[in-house]
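Tertiary structure, described
If you want the building blocks of each chain, they are given just below.
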Amino acid sequence: MNDRVRVWCLRHAESENVTNGVAGAVPAAPLTARGRRQAAAAGHLLAAEPIVRVYSGPAVRARETARLLAAPGAGVTTLPELAEVGIGEHEGSRDAAVRARTAEVLRAWVAERDLAQRVADGESGQEVVARMTAALLRIAAAHAGETVALVGHVASLTVAVSRLCALGAGVWGTPLPHAHPFLIERRGERWTCPAWPVTPGRPPG
């Protein structure tokens, strides 16, 4: 029996919270016009893949990306566990100091493996990894021998995949580009990520 599960992961396409410098999960922020083009281009990139379902976080930008990405016949399922990292009382802030603290916390999670850090009263790294891992295990259990896609967010995807696939601190400094698919696979109990994506035109590291 083929128990391999292939998951094409990607950060949502460009959205208004990113272009406006708004911090947090910001679930109502839609894609920009450029983001809609990016999502459609990701769909073309994956057109030859036998994707049976697209999974998405609950934010508008993730669901819009998933709909534009999905091929005819591949349904879209929203999972709340795939949401972006919550930053509590600072949700929706445009304060540069909040954005800097958010980056500092993500660095602690990924580069220093300190999952206890959090932004204000937001989520800890342990909480984010636990919910993201639970979602990926549910997806894997439902799709043995199949290929699916997953639309998530830069912080929650980075910390979860780097931990699950034992990528180490090397992924820090190479933030996930918008709508750039990358593959993770599960065989038996082991997850692997053959190649961490790099923003086009940007060297790794």
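Nothing here was measured: the structure is a model prediction, and the numbers come from that model. (Residues numbered from 1 in each chain as written. Predicted model: local features only at pLDDT ≥ 70, side-chain atom pairs only at ≥ 80, totals over all residues. Heavy atoms only, no water.)

**Concerning the pattern of salt bridges**
Which entries qualify depends on this criterion: Every case where a carboxyl oxygen of Asp or Glu lies within 4 Å of a side-chain nitrogen of Lys or Arg is listed as a salt bridge. Starting at the N terminus, helices and strands are each numbered in turn, a helix being any DSSP run of H or I of at least four residues and a strand any DSSP run of E of at least two. Buried, partly exposed and exposed residues are distinguished by accessible area as a fraction of the type maximum, computed with a 1.4 Å probe on protein chains only: under 20%, between the cut-offs, and over 50%, respectively.
Following the criterion strictly, the structure yields 10 salt bridges and no others. Between Glu-14 and Arg-34 there is a salt bridge, with the nearest N and O atoms lying 3.2 Å from each other. Of this pair, Glu-14 sits in the loop between β1 (5-11) and α1 (16-19) while Arg-34 sits in helix α2 (residues 33-45), placing them 20 residues apart in sequence. When its relative accessible area of 47% is taken as the criterion, Arg-34 is described as partly exposed. Residue Glu-123 pairs with Arg-131 through a salt bridge whose shortest N-O separation is 2.8 Å. Taken as a pair, Glu-123 and Arg-131 share a single burial class, namely buried. Among the ionic contacts, a cluster of salt bridges with common partners joins Arg-4, Arg-6, Glu-49 and Glu-185.

**Notes on the state of the cysteines**
To keep things clear, this is the line we draw: The definition used for a disulfide is geometric: two cysteine sulfur atoms within 2.5 Å.
Following the criterion strictly, the structure yields zero disulfides and no others. The thiol of Cys-165 is not disulfide-bonded; the next cysteine sulfur, from Cys-193, is found 5.3 Å away. You can call Cys-165 buried: its relative accessible area is 9%. Overall, Cys-193 belongs to the buried group, its relative accessible area being 11%.

**Examining the confidence of the model for the protein chain**
We apply this condition: Within a predicted model, pLDDT stands for the predictor's per-residue confidence, ranging from 0 to 100. Any two residues whose heavy atoms approach within 4.5 Å at even a single point are treated as in contact.
Residue-level pLDDT values for the protein chain average 94, and 96% of them are 70 or greater. With pLDDT under 50 throughout, residues 201-205 is counted as low confidence; its partners more than four residues away or in other chains account for seven contacts.

**Quick look at the sheet that holds strand β3 (residues 75-78)**
Here is the rule we go by: We treat two strands as partners when DSSP finds at least two bridges between them. A fitted line through C-alpha atoms represents every axis, and for helices the fit uses only the stretch in contact; the resulting angles, taken between N-to-C directions, go from 0 to 180 degrees.
On the basis of which strands lie adjacent, the open sheet formed by six strands has the order β3-β2-β4-β1-β5-β6 and mixed pairing. In this open sheet, the two strands that pair with only one neighbour each are β3 and β6 (190-192). Taken over all neighbouring pairs, the strand axes of this sheet differ in orientation by 25° on average, direction set aside. Bridge count between β1 and strand β5 (residues 182-187): five bridges; the pairing is antiparallel. Bridge pairing in β5 links Trp-8 to Leu-183. Packing against the sheet, helix α6 (residues 154-164) makes contact with β1, β4 (147-152), β5 and β6, and its axis sits at approximately 145° to β1.

**Here's the deal with the packing of α2 against helix α3 (residues 60-69)**
Note the following rule: When describing relative orientation, an angle under 35 degrees is termed roughly parallel and one over 145 degrees roughly antiparallel, while 65 to 115 degrees is termed roughly perpendicular and anything else oblique. Left-handed describes a crossing whose near helix is turned anticlockwise from the far helix by less than a right angle; the clockwise case is right-handed. Polarity classes work like this: nonpolar for Ala, Val, Leu, Ile, Met, Phe, Trp, Tyr, Cys and Pro, charged for Asp, Glu, Lys and Arg, and polar for all others, with Gly in that last group.
Packing of α2 against α3 brings their axes to within 8 Å, and their N-to-C directions diverge by 40°. Between α2 and α3, the interaxial angle falls into the category oblique. Handedness of the α2/α3 crossing: right-handed. Residue-level contacts link Arg-36, Ala-39, Ala-40, Ala-42 and Gly-43 of α2 to Thr-65, Leu-68 and Leu-69 of α3. Each residue belonging to the contact of α2 with α3 can be placed in one class, and the counts come to five nonpolar, two polar and one charged.

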